[in-house]
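# Analysis of the macromolecular model
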Amino acid sequence: MTTSEPGRGWLLRLVIAFSFAQGAVSMARPAVSYRALALGADARAVGVIAGIYALLPLFAAVPLGRRTDHGRCAPLLPIGVVLIAAGCGLSGTAGSLPEMAAWSGVMGLGHLSFVIGAQSIVARQSAPADQDRNFGHFTVGASLGQLIGPIAAGQLVSGHDGALARTSAAALFVAAAVAACSVTSLWRIEHRPAEGLLKKTADASPSRRVPVFGILRTRGVASGIFISLAVLSATDILTAYLPVVGEQRAISPAVVGLLLSLRAAATVACRLVMTPMIRLMGRTVLMAVSCLGAGLLCAAVALPLPAWALGVLLAALGFCLGVGQPLSMSTVVQAAPDEARSTALALRLTGNRLGQVAAPASAGLLAGLAGTAAPFVMLGVLLLLGSAAIAVRPLRRAADTAVPPAVPEARKPPRAAEEERSAVSGRCGPGEETSARTDPEEPPP
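Looking at where Arg 29 falls in the secondary structure, it is placed in helix α1 (residues 9–38). When the C-alpha atoms of Arg 29 and Asp 236 are compared, they prove to be 8.9 Å apart, with 207 residues separating the residues in sequence.

This paragraph deals with the nonpolar core. Counting residues in hydrophobic clusters, the biggest one holds 101 residues, and the most contacted among them are Leu 14, Tyr 241 and Leu 317. If one sorts the elements of this core by residue count, α1 sits on top with 15 residues. Excluding its chain neighbours within four sequence positions, the residues that come into contact with Leu 14 are Leu 77, Ala 118, Ile 121, Val 122, Phe 138 and Ile 189. Judged by nonpolar contacts, the second largest core, of ten residues, contains Val 210, Ile 225, Val 332 and Leu 347.

Scanning the model with the defined rule gives two aromatic pairs in all. Between the aromatic rings of Phe 18 and Phe 138, the centroid separation amounts to 4.7 Å while the plane-to-plane angle is 10°, which identifies the pairing as stacked. Linking Phe 18 in helix α1 with Phe 138 in helix α5 (residues 131–156), this pair joins segments that are 120 residues apart in sequence. Judged by relative accessible area, Phe 18 falls into the buried class, the value being 4%. A network of ring pairs unites the aromatic residues Phe 18, Phe 114 and Phe 138 as a single cluster. One Lys or Arg, Arg 13, reaches over the ring of Trp 187 and ends 4.2 Å from the middle of that ring.

All right, on to the side chain of Ser 91 then. Here Ser 91 lies in helix α3 (residues 76–93). Ignoring sequence-local partners within four residues, the contact set of Ser 91 consists of Val 32, Arg 35, Met 100, Trp 103, Ser 104, Met 107 and Leu 172.

This part is about the packing of α1 against helix α6 (residues 164–181). Packing of α1 against α6 leaves a shortest axis separation of 8 Å and a crossing angle of 165°. As judged from the angle between their axes, α1 and α6 are roughly antiparallel. Between α1 and α6 lies a crossing of left-handed hand. Contacts between α1 and α6 involve Phe 20, Gly 23, Ala 24, Met 27, Ala 28, Ala 31, Val 32, Tyr 34, Arg 35, Leu 37 and Ala 38 from the first element and Leu 164, Ala 165, Ser 168, Ala 169, Ala 171, Leu 172, Val 174, Ala 175, Val 178, Ala 179 and Cys 181 from the second. Its residues assigned to classes, the contact of α1 with α6 comprises 19 nonpolar, two polar and one charged.

Procedures and definitions
- Residues numbered from 1 in each chain as written.
- Predicted model: local features only at pLDDT ≥ 70, side-chain atom pairs only at ≥ 80, totals over all residues.
- Heavy atoms only, no water.
- Helix = DSSP H or I, 4+ residues; strand = E, 2+ residues; numbered from the N terminus.
- Core = buried A, V, L, I, M, F, W, Y, C linked by side-chain atoms within 4.5 Å.
- Buried < 20%, exposed > 50% of the residue type's maximum accessible area, 1.4 Å probe, protein only.
- Contact = heavy atoms within 4.5 Å.
- Phe/Tyr/Trp six-rings, centres within 6.5 Å; stacked < 30°, edge-to-face > 60°.
- Lys NZ or Arg CZ within 6 Å of the ring centre and 35° of its normal.
- Axes fitted to C-alpha atoms, helices over the stretch in contact; angles between N-to-C directions.
- Parallel < 35°, antiparallel > 145°, perpendicular 65-115°, else oblique.
- Left-handed = near helix turned anticlockwise from the far one by under 90°.
- Nonpolar A, V, L, I, M, F, W, Y, C, P; charged D, E, K, R; others polar.

What follows is the structure in structure tokens.
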């Protein structure tokens, strides 16, 4: 299900559209927290509202992925934009906490629709050797949105003179307008050659569909899903709970927005240099080291640091968090069967949303019992360090497995070498590359 086409204009347009969509969500998430606080919510209620954002997507991800495996991806993008804009705008008019939670769920469903469609397009239109790079560039769009969105929200939201309810609503209305801007880049993103391949897949019998548990049992899929869950949960709790921490430590909303954007800027920097880091360290080692560092730094957010030290900490944390998402995407895509790539990406997003439901709810419970610092300790110790341990497991298996050295072709009998070349040429058509399937845990050579 892979196709390639000269030029990457489609990827640039997709990154621009994703920047607007993610910028709207990143602006709306802290604004929702501030508006909930203005409506009388405590730390526990903020956690519940943040969890509802992921509840509807939790049930919708796999059906959308199945549909995308057997159809076009592009229609999900404008649908996602409409739902994001509606969720943002209607959250600004909500007058109660249940309404806030409901429209937050609509916003999350729109974000899921957009991301499933966009990730499936990248997987379908990228050659295997380009997937790490293209997914890295694709997630730069998310990081740009996370960079600009919190700054804009922080500038718009003000709690002075009891204006928090009004200013947070204004930020949500602006977020809805930003989401609508992404429609301007949604043209000629999905290539026509991919549709012929999709028609063949759609005509296949339903019995040939790969079962969900079969996808999850494929080596590399489960670890990629868990790493993505841990990294996104860290980003989500930072976005939802840093405003609460700022209120308790007398840090203004503008400074909180700047701190969140500093974290996102470091993530952008990481993804721009990710290809050389993969060449230097390898995919598995890079994921393990980045998750381990992110776990320690996330736990350190609980320390009573001044704003400038918190900024340095968040910059380092953002750099470490930049690795997990794009590499988990390419790991899942390369590990999954070709006819179930979109479903595998949807399962990854299901894991993300499960983390976004469970992590904020657990964070809200811990915050109510032990203070707002407790969620960061929980996330750092239980999720990111556990994720690093899962990433290291393939290295141990590889170290314990003795692989006999390959016999150079020059030393093979002439007849054997000729038969091997004939077999390879027989498997490939004219003009096709003869690259073998790579281990999903290691980058292609």
